[in-house]
Amino acid sequence: MNQPKSTFRSEVAIIPGIAWWLALLAWVLVQVILVVIVPHHAHPKDLPPMPVWALITVLGGTILGVVILMIGYVNADSKRRGMNSLLWTLLVIFVPKALGFIAYFLLRKPLMLPCPKCGRAVGADFRYCPKCGHAISPMCAHCGRSIQSDYVCCPYCGKNVAVVAS
Ligand SMILES: [Zn+2]
Ligand SMILES: [Zn+2]
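Reading the values: the criteria
Residues numbered from 1 in each chain as written. Chains lettered and ligands numbered in written order. Predicted model: local features only at pLDDT ≥ 70, side-chain atom pairs only at ≥ 80, totals over all residues. Heavy atoms only, no water. Donors = N, O, S within 2.8 Å, 3.2 Å for Na, K, Ca; no water. Tetrahedral: all angles 85-135°; square planar, octahedral: opposite > 155°, others 65-115°. Helix = DSSP H or I, 4+ residues; strand = E, 2+ residues; numbered from the N terminus. Buried < 20%, exposed > 50% of the residue type's maximum accessible area, 1.4 Å probe, protein only. Contact = heavy atoms within 4.5 Å. Expected span 1.5 Å × (residues − 1).

**Student:** What's the story with the coordination of the zinc ion (ligand 1) in this structure? I'm lost.
**Tutor:** Expected angles at a metal are 109.5 degrees for tetrahedral coordination by four donors and either 90 or 180 degrees for octahedral coordination by six donors. Around the zinc ion (ligand 1), the protein contributes the donor atoms C115 (SG), C118 (SG), C129 (SG) and C132 (SG), at 2.2 to 2.3 Å from the metal centre. Taken together, the four donor atoms coordinating the zinc ion (ligand 1) and their angles of 103 to 113 degrees define a geometry best described as tetrahedral. For the zinc ion (ligand 1), the single-chain donor residues occur in sequence as C-x2-C-x10-C-x2-C. Separated by 14 residues along the polypeptide, C118 in the loop between β1 (113-114) and β2 (121-122) and C132 in the segment after β2 bring together distant segments of the chain. Judged by its relative accessible area of 33%, C118 is partly exposed. With relative accessibility at 31%, the residue C132 sits in the partly exposed group.

Put into structure tokens, the structure is as follows:
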């Protein structure tokens, strides 16, 4: 089955609203901590010069915000791929050095596609729709292997399969 095309924009669109709010909140919090609280308690000599400190503040908040958005993305993306969404969300949060993210992007399943008959989302490797029993990838009636719907003869056993409709 062909995977639907995904663009950066369509991927960003699946990030849940709550993740955007949390990212914004985290960004504001970092600014408050680094602009108001830290300079108030630290000796000015212990802090880097003002332009560097401003850069650290803005960048730090932005990086934290992006990480939160990526956690939101993994949460939504794993759900639509029929993976264990809670497990993967926890993994990307708690596995250090972004290893959880790397593992996720290496191991994630292909996107689920709608069943041609009933529309239920089915895994890319499913042969039958779990809801209506529709044969998603047609099989040879003689040897049971997956074939294309336009095949007349099975390429595996050579029998005539024109009668087996998908
Ligand atoms: Zn179906
Ligand atoms: Zn066959």
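Text resumes after the structure shown.
**Student:** What am I meant to see in unusual backbone geometry here?
**Tutor:** Glycine aside, negative phi is the norm for most residues, and most peptide bonds take the trans geometry. The phi torsion at K97 lies on the positive side, around 55 degrees, for a residue other than glycine. Considering the arrangement of structural elements, one finds K97 in the loop between α4 (85-94) and α5 (99-107). Although it is not a glycine, A98 adopts a positive phi angle of roughly 60 degrees. Relative to the helices and strands, A98 is located in the loop between α4 and α5. The class of A98 is partly exposed, set by a relative accessible area of 39%.

**Student:** What should I look at first to understand the environment of P130 in this one?
**Tutor:** Take P130: it is sitting in the segment after β2. Sequence separation of P130 and R120 is ten residues, and the distance between their C-alpha atoms is 8.6 Å. Excluding residues that lie within four positions of it along the chain, P130 makes contacts with R120 and V122.

**Student:** Explain the coordination of the zinc ion (ligand 2) here, please?
**Tutor:** C140 (SG), C143 (SG), C154 (SG) and C157 (SG) make up the full set of protein donors to the zinc ion (ligand 2), lying at 2.3 Å. With four donor atoms in place around the zinc ion (ligand 2) and angles of 106 to 121 degrees between them, the coordination shape is tetrahedral. On the primary sequence, the residues serving as donors to the zinc ion (ligand 2) are separated as C-x2-C-x10-C-x2-C. One end of the pair, C140, is in the segment after β2; the other, C157, is in the segment after β2, with 17 residues separating them in the sequence. Under the relative-accessibility criterion, C140 is labelled buried at 2%.

**Student:** How do you make sense of helix α3 (residues 50-80) when you look at a structure like this?
**Tutor:** Quick reminder: α-helices carry 3.6 residues per turn. Residues three or four places apart thus point the same way. Compared with the 45 Å implied by 1.5 Å per residue over 31 residues, the 45 Å span of α3 between its first and last C-alpha is a close match. One or two steps after α3, the chain reaches G82, where phi turns positive at roughly 70 degrees.

**Student:** Please clarify how the environment of G17 should be interpreted in this entry.
**Tutor:** By the secondary structure assignment, G17 is in helix α2 (residues 17-41). Residue classification places G17 among the partly exposed positions, given a relative accessible area of 42%. Along the sequence, G17 and F105 sit 88 residues apart, while their C-alpha atoms lie 22 Å from each other.

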